[in-house]
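# Coordinates in review
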Amino acid sequence: MKKLWFGLLCVSLILTLGANAVMAQQVLKVGTSADFPPFEFQDEKTGEYLGFDIDLINAIGEAAGMEVDIVNAAWDGLIPGLLTGNFDCIISAMTITEERLKAVDFSDPYFSASQVIVTKIDDTSINTIDDLVGKQVSVQIGTTGDLTASEIEGAIVKRFNLAPDAIQEVRNGGVAACIIDLAVAEEISQQYKDIKYGEPITTEEYGIAIRKGNAQLLEKINEGIAKVKASGEYDEIYAKWLKD
Ligand code: ARG
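Read on for a plain summary of the structure. (Residues numbered from 1 in each chain as written. Predicted model: local features only at pLDDT ≥ 70, side-chain atom pairs only at ≥ 80, totals over all residues. Heavy atoms only, no water.)

Taken in spatial order, the five strands of this open sheet run β5-β1-β6-β15-β7, and their pairing is mixed. Only two strands of the sheet have a single neighbouring strand rather than two, namely β5 (67–72) and β7 (104–106). The pairing of strand β1 (residues 27–32) with β5 spans six bridges and is parallel. Bridging from a neighbouring strand, threonine 32 pairs with asparagine 72 of β5. (Pairing = 2+ DSSP bridges. Helix = DSSP H or I, 4+ residues; strand = E, 2+ residues; numbered from the N terminus.)

Right, let's talk about the pairing of strand β10 (residues 136–140) for a bit. Among the five residues in β10, four count as buried, and that is most of the element. Here five bridges tie β10 to strand β11 (residues 156–160), and the two strands are oriented parallel to one another. Across the sheet, residue glutamine 140 finds its bridge partner in β11, namely phenylalanine 160. Read as a crossover between parallel neighbours, the route from β10 over helix α5 (residues 144–150) to β11 is right-handed. Sheet topology places β10 next to strand β12 (residues 177–181); two bridges connect them, and they run parallel. Note on β12: the bridge partner recorded for serine 138 is cysteine 178. (Buried < 20%, exposed > 50% of the residue type's maximum accessible area, 1.4 Å probe, protein only. Right-handed = clockwise from strand over helix to strand, strands pointing away.)

A few words now on the sheet that holds strand β9 (residues 115–120). Taken in spatial order, the five strands line up as β11-β10-β12-β9-β13 in an open sheet, and their pairing is mixed. Of all strands in the sheet, those bounded by a partner on one side alone are β11 and β13 (195–197). On average, each strand axis in the sheet is inclined to that of its neighbour by 30°, with strand direction left out of account. Relative to β12, β9 runs antiparallel, the two being bridged by four bridges. Bridge pairing in β12 links valine 116 to isoleucine 180. Its contacts with the sheet place helix α7 (residues 182–191) against β9, β12 and β13, and it is angled at close to 120° to β12. (Axes fitted to C-alpha atoms, helices over the stretch in contact; angles between N-to-C directions. Contact = heavy atoms within 4.5 Å.)

For the rest of this paragraph, the subject is the packing of helix α2 (residues 52–64) against helix α9 (residues 233–241). Working note: a packed helix pair is described by the angle between its axes plus the distance between those axes. Contact geometry for α2 and α9: axes closest at 9 Å, N-to-C directions at 165°. Classified by the angle their axes make, α2 and α9 are roughly antiparallel. Between α2 and α9 the crossing geometry is right-handed. Touching Phe52, Asp55, Leu56 and Ala59 of α2 are Glu233, Tyr234, Ile237, Tyr238, Lys240 and Trp241, all from α9. For the contact of α2 with α9, the residue count by class is seven nonpolar, no polar and three charged. (Parallel < 35°, antiparallel > 145°, perpendicular 65-115°, else oblique. Left-handed = near helix turned anticlockwise from the far one by under 90°. Nonpolar A, V, L, I, M, F, W, Y, C, P; charged D, E, K, R; others polar.)

Right, dumping it as structure tokens:
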């Protein structure tokens, strides 16, 4: 009798461990910097993570049979956090760049984006990137906006940890302009009527970043993107968060 109980105990232990292993495999830990509406931001009241990227990664997770766990982290800590294993992938309106491709792999592109110049509403002197020569420009640190601003001759680049703070600096009069992603400029300038933004000055594509050589996860994510696009869910998410 004792042997039987011991046997049953062993069997249930193995089953529990096995089930946990399967479940653990299915959780996709996703790093994001939730300071970038309409792509990723935190609901002020509920603390919930919302936005285009959040809906998209949840849809991808569902299509690929993985449970999504969102981890909020500082923008400039996202790639280091991915590399140390704090999360399995990054979705954060992250542009696929040559520099980043040296450190991480990217999924198929999921969004066409660009940088724009944000100025005060009544500023008529700044229309193109050339108008920023020798001027003070704010950016979010380590972004493609930072990269673009850093190439302007004689420009003084003020770098902020949080994207909204870079835009706020224009409103405060601390800089002549901010360089930031189009949809974010659009979103924030709708909230603050004292700023405006211009025509696209770059062409970029966002991708989901994963650690190099993680071929299985890359395939799952790319298949997920393809499914979500084919089902029409991508278009629904797009229409929910973005204008036109
Ligand atoms: N697209 C730009 C880049 O990749 C900015 C992204 C910033 N993302 C964020 N969640 N703050 O550099």
